Amino acid sequence: MKKTYIIGEIGINHQGDINIAKKLIDIAAAAGCDAVKFQKRNPDVCVPEEQKSKPRSWGGEDMTYLEYKYKVEFGKEEYDVIDAYCKEKGIAWSASPWDMDSLAFLAGYDIPFIKLPSAMLTHDELLYGCVATGKQVIFSTGMSTEEEIDHAVHILRSAKKTTGNTNTIGLLHCNSSYPAPVSELNLSAIKTLQEKYSDFEIGYSGHEMLLGTTVASVLLGATILERHITLDRTMEGSDHACSVTPHGLFKLVSGVRELELAYGDGVIEVTESEKPVREKLRG
C-alpha cells in the first residue's frame, strides 16, 4: 500500500493570528502530517459586491464582511514567517488560491503543490493557471456534478499538455457540508473516481465529525487525505465545528499509518510470528 500523503488543513482557523498558525503547524508536525495548508484570497476580488458592506461581528467587534475577510487574511509578512517556520519544523506547506492574484502570490514560494478548493472547480482560468505554475495540482470535488468534474478534468489535462507540466494531478472526493452528514459521504465514489480518472491520484477531503470514515477512505484507495484542524472546535468561525482537534489528529494519523502497516499483500501464508506457535501447537 502506498504511503498516504496527509494534509492538515489550517485554512483560516488561525483566526488571523500568526501565533495560532504556529501552534497548528506544531501539532500537525508532531502528529506526523506531511503538510499543512492555508487559504489565500484577495478579499476585494473574492467577496461579492453585495456582501462587502454587510455587518459582521468578529472577536466582539462590529465590522463589515469585507473588513472581517481582511482580518483573517495573511499577507507576505505572515507567509514568510510560515515558510521559514515550516522548514524549521520539517513539514511542507501550501495554500488554496481563490483568485488569480492569490495564485500569483503563492507561485512565488517553493511549495510542493497548489490545492484548488471545491468552490473554484468551475473556474477554468484558475484551473489552467494552477497547472501553469509547474507545481503539482490537487483539487477537491465537493458540491460538484459529474459533468462539472469531467469539465475540470478536461481543462487540467489540456493544461498539462500545453504547459508541459508532467506532475500527476490529485483529485479529492469531498462533501462540502460543514460538517458533512455521515450518510452523505458516499465514500464509494473514491472507487468511481479511480476507475474514471485512472491518470489522476485519487484522495479524500473530509468535513465529517468522525475519524474512522477518513481512515476507511484509505482502505478504499485514497492516497491523499485532507482534514481541517483546529485548537478548539468551539472557537469563533465556520470551519472549527468540522475540524479535528489536536488529540483527534494524532489518532487519525496513527490510524492511517496502522492501516498501511496492516494492509499487506493479500498472499495467504504462515507468518514469521506464527511459525513458533505452529511448531508448538502442531508439532
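Residues numbered from 1 in each chain as written. Predicted model: local features only at pLDDT ≥ 70, side-chain atom pairs only at ≥ 80, totals over all residues. Heavy atoms only, no water.

Asker: Is there a simple way to explain the overall build of the protein chain in this structure?
Answerer: When helices and strands are tallied, the protein chain shows twelve helices and ten strands. Here the protein chain has a C-alpha radius of gyration of 20 Å; the compact-globule value for 283 residues is 19 Å, and the two agree. The C-alpha extent of the protein chain, read off along each of the three principal axes, is 80 × 45 × 40 Å. Here the protein chain holds 283 residues, and 48% of them are scored as buried. Accessible area for the protein chain stands at about 13,600 Å²; split by element, carbon and sulfur atoms hold 53% of it. (Helix = DSSP H or I, 4+ residues; strand = E, 2+ residues; numbered from the N terminus. Rg over C-alpha atoms; globule rule 2.2 N^0.38 Å. Buried < 20%, exposed > 50% of the residue type's maximum accessible area, 1.4 Å probe, protein only. Areas by Shrake-Rupley, 256 points an atom, 1.4 Å probe, with all protein chains shown as cover.)

Asker: What's the story with unusual backbone geometry in this structure? I'm lost.
Answerer: Working note: non-glycine residues mostly have negative phi, and peptide bonds are mostly trans. Going from Y178 to P179, the amide bond is cis rather than trans, its omega being 0°. If you trace the backbone, P179 turns up in the loop between β8 (170-174) and α9 (189-196). Not every positive phi belongs to a glycine, and Q15 is a case in point at roughly 60°. Along the chain, the position of Q15 falls in the loop between β1 (5-11) and α1 (18-31). The exposure class of Q15 is buried, given its relative accessible area of 16%. For M143, which is not a glycine, the phi torsion comes out positive at approximately 50°. Within the fold, M143 resides in the loop between β7 (136-140) and α8 (146-163). Taking relative accessible area as the criterion, M143 reaches 61% and is therefore assigned exposed.

Asker: How should the packing of α1 against helix α11 (residues 246-263) be read in this particular structure?
Answerer: Angle between the axes and distance between the axes are the two parameters that describe a pair of packed helices. Here α1 crosses α11 at 25°, and the two axes come no closer than 9 Å. By the angle between their directions, the pair α1 and α11 is classed as roughly parallel. Our pair here, α1 against α11, has a crossing hand that is right-handed. Here α1 contributes I27, A28, A30 and A31 to the contact with α11, which in turn contributes P246, L249, F250 and V253. Taken together, the residues of the contact of α1 with α11 sort by class into eight nonpolar, no polar and no charged. (Axes fitted to C-alpha atoms, helices over the stretch in contact; angles between N-to-C directions. Parallel < 35°, antiparallel > 145°, perpendicular 65-115°, else oblique. Left-handed = near helix turned anticlockwise from the far one by under 90°. Contact = heavy atoms within 4.5 Å. Nonpolar A, V, L, I, M, F, W, Y, C, P; charged D, E, K, R; others polar.)

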